[in-house]
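# Overview (structure and organization)
The primary structure of each chain is shown beneath.
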Amino acid sequence: TDEATYQKFMRFRQMREDPTVRECPSCSSLCRPSVDDSGSVVAEMTCGDCGASFCYYHSNAHVGRPCSEYRREIARQERLNERGAMHGTKACPDCGIMTEKTGGCNHMTCQRCGADWCWTCATRLEDGQAAVYEHYHGGGPAGCRQFEDFDPRSPLAYLLRCLAAPVRVVSVLLFLVLGLTMLVWFPVAFICLAPCHRCSLRSECMECVLLCAVNLAFLPFVAFQLCWILCSACLWLMLKPCGAECGHLVFLMQVPFVSVLPLIAGVLSVRGRRGNRQAWPNEWELQEDALDAVEQHDRRRVVLDPLSSSEEEEEGGDDDAD
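Residues numbered from 1 in each chain as written. Predicted model: local features only at pLDDT ≥ 70, side-chain atom pairs only at ≥ 80, totals over all residues. Heavy atoms only, no water.

### Digging into the overall build of the protein chain
- Per the secondary structure count, the protein chain includes 11 helices and 9 strands.
- Out of the 322 residues in the protein chain, the part that is buried amounts to 25%.
- Contacts in the protein chain between residues at least 24 apart in sequence constitute 42% of all its contacts with a sequence separation of at least 6.
- Only carbon and sulfur atoms are counted for the fraction: they give 59% of the accessible area of the protein chain, which is about 22,500 Å². (Helix = DSSP H or I, 4+ residues; strand = E, 2+ residues; numbered from the N terminus. Buried < 20%, exposed > 50% of the residue type's maximum accessible area, 1.4 Å probe, protein only. Contact = heavy atoms within 4.5 Å. Areas by Shrake-Rupley, 256 points an atom, 1.4 Å probe, with all protein chains shown as cover.)

### A word on the sheet that holds strand β9 (residues 124–125)
- Here 3 strands make up an open sheet; going across it, the order is β7-β8-β9 and the pairing antiparallel. With one partner strand each, in any of the chains shown, β7 (107–109) and β9 form the two edges of the open sheet.
- Taken together, the 3 bridges between β7 and strand β8 (residues 116–118) define a ladder with antiparallel strand orientation. Counterpart to T109 in the pairing with β8 is D116. (Pairing = 2+ DSSP bridges.)

### Observations regarding the environment of N106
- Tracing the sequence through the fold places N106 in the loop between β6 (98–100) and β7.
- N106 gets classed as buried once you look at its relative accessible area, which sits at 0%.
- A C-alpha to C-alpha distance of 8.4 Å links N106 and W117, two positions 11 residues apart in sequence.

### Digging into unusual backbone geometry
- Here the phi dihedral of S59 falls at roughly 55°; this positive angle occurs in a residue that is not glycine.
- Here S59 lies in the loop between β4 (53–55) and α2 (67–85).
- Phi at A122 takes a positive value of approximately 60°, unusual for a residue other than glycine.
- Mapped onto the elements, A122 comes out in the loop between β8 and β9.
- Taking the relative accessible area as the measure of exposure, A122 reaches 36% and is therefore partly exposed.

### Examining the UniProt feature "transmembrane region" (unreviewed entry) in the protein chain
- Cross-referencing UniProt, the feature "transmembrane region" (unreviewed entry) maps to residues 172–196, 208–239 and 251–270 in the present numbering.
- From the first C-alpha to the last, residues 208–239 spans 45 Å; its make-up is 97% helix and 0% strand. (UniProt positions renumbered as here; feature names shortened; annotations may be inferred.)

### A look at the environment of G51
- Here G51 lies in the loop between β3 (44–46) and β4.
- Once the C-alpha coordinates of G51 and S26 are considered, the two residues, 25 residues apart in sequence, prove to be 9.2 Å apart.

### A short note on the packing of helix α7 (residues 219–239) against helix α8 (residues 246–253)
- Here α7 crosses α8 at 150°, and the two axes come no closer than 8 Å. Taken together, the axes of α7 and α8 lie roughly antiparallel to each other. Every pair of crossing elements has a handedness; the one defined by α7 and α8 is right-handed. Contacts between α7 and α8 pair Q225, W228, I229, S232, A233, L235 and W236 from the former with C246, H248, L249, L252 and M253 from the latter. (Axes fitted to C-alpha atoms, helices over the stretch in contact; angles between N-to-C directions. Parallel < 35°, antiparallel > 145°, perpendicular 65-115°, else oblique. Left-handed = near helix turned anticlockwise from the far one by under 90°.)

### Some details on the pattern of salt bridges
- As enumerated under the stated definition, the model contains 5 salt bridges in all.
- The residue E17 makes a salt bridge to R13 at a minimum N-O spacing of 3.6 Å. On the criterion of helical spacing, the pair formed by E17 and R13 is a turn pair, its members being 4 residues apart in helix α1 (residues 2–17).
- For E17, a relative accessible area of 58% corresponds to the exposed category.
- Among the ionic pairs, R65 bridges to E73, the shortest N-O distance being 2.8 Å.
- Residue classification places R65 among the partly exposed positions, given a relative accessible area of 31%.
- Since its relative accessible area comes to 32%, E73 is described here as partly exposed. (Salt bridge = Lys/Arg side-chain N within 4 Å of Asp/Glu carboxyl O.)

### A short note on the nonpolar core
- Formed by L156, L160, A164, V167, W228, W236, L239, A244, L249, F251, L252 and V255, the largest nonpolar core amounts to 12 residues.
- Mapped by element, the contributors of at least two residues to this core are α4 (155–180), α7 and α8.
- Per-element tally for this core: the top contributor is α4, with 4 residues.
- In terms of nonpolar packing, the next biggest core, distinct from the first, is built from 11 residues, L178, A213, F218 and F221 among them. (Core = buried A, V, L, I, M, F, W, Y, C linked by side-chain atoms within 4.5 Å.)

### A short note on helix α5 (residues 182–193)
- Here α5 is 12 residues long and its end C-alpha atoms lie 16 Å apart, about the 16 Å a rise of 1.5 Å per residue gives.
- Of the positions making up α5, those classed as buried are M182, A189 and L193. Summarising the axial view, the buried residues of α5 lie within an arc of 30°, below the 170-degree limit, and thus occupy one face. Of the residues in α5, the exposed ones pointing more than 90 degrees away from the buried face are L183, V184 and I191. (Expected span 1.5 Å × (residues − 1). Arc of directions from axis to C-beta.)

### Structural notes on the side chain of H107
- Examined against the element boundaries, H107 turns out to sit in strand β7.
- Setting aside its immediate chain neighbours within four residues, H107 contacts D116, W117, L125, Q129, V132, Y136 and Q146.

### Looking at α1
- Along its 16 residues, α1 runs 23 Å from first to last C-alpha, staying within 8% of the 22 Å computed at 1.5 Å per residue.
- In terms of residue burial, α1 counts as a barely covered element, since only 0 of its 16 residues are buried.

Here you go:
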């Protein structure tokens, strides 16, 4: 054992003194490489003691093959490893850091630079939540969905958008026509519900009438939505062999509702602003209420304290007599 350790130390010492010396992988003998006419080292080496062939650069890693082929194999394997490690990752459009999505929606926030961007199309969303809503809502130009993973730029997604375009138009037109029927349903609902509220015009009664009229007017739209859900399921089953996924089914099913969602949001916002104006009285009304409160307080004081008022009148009479 001591002799083997000593021989190993001597080989290590010689290799350190002469970096061109290589150790034979078979018998551990030290070998010197050959040199070609240009002075370059010949990669293929043969041990003088045992006759084993090995490489000057890679030892016995590619026996029987040239170095060029081995280098190509190593480069290909490195690329495959890199692709495997980076599979499922995308670069942040702002700082370029590779980001992995493990779940949740397609709205991404970079942990390095804090940029908001879309996982589907890698677009930078620069205006905060307003840009997020504009990018992901049904009528957005990008066509991306916040909670769906399919690529809107794929041929299948393009086909689905073409199929959904007529449904969008029909949904909006149907919603507008049904909105006009509110002119008919509101009086009908008022006539039917007025006896229950004794013809009262209170806000609670009017809200009940309005809710009933809305339900009656837009009931056909709900039926249209349900019918379209069945049709979209059939279309999805037909496109299933083409690679349709659950995200495509969700996209198809929500087309009518998403198409009219901006109209609903606009109506609710107008109604909310009107309610706020009614809830907050103007300054003149506040002043009138304050004056009425002061007058009522004075009257109450006179009624509750008649003795003090009579004494004040007597004192006033004495002053006049003087």
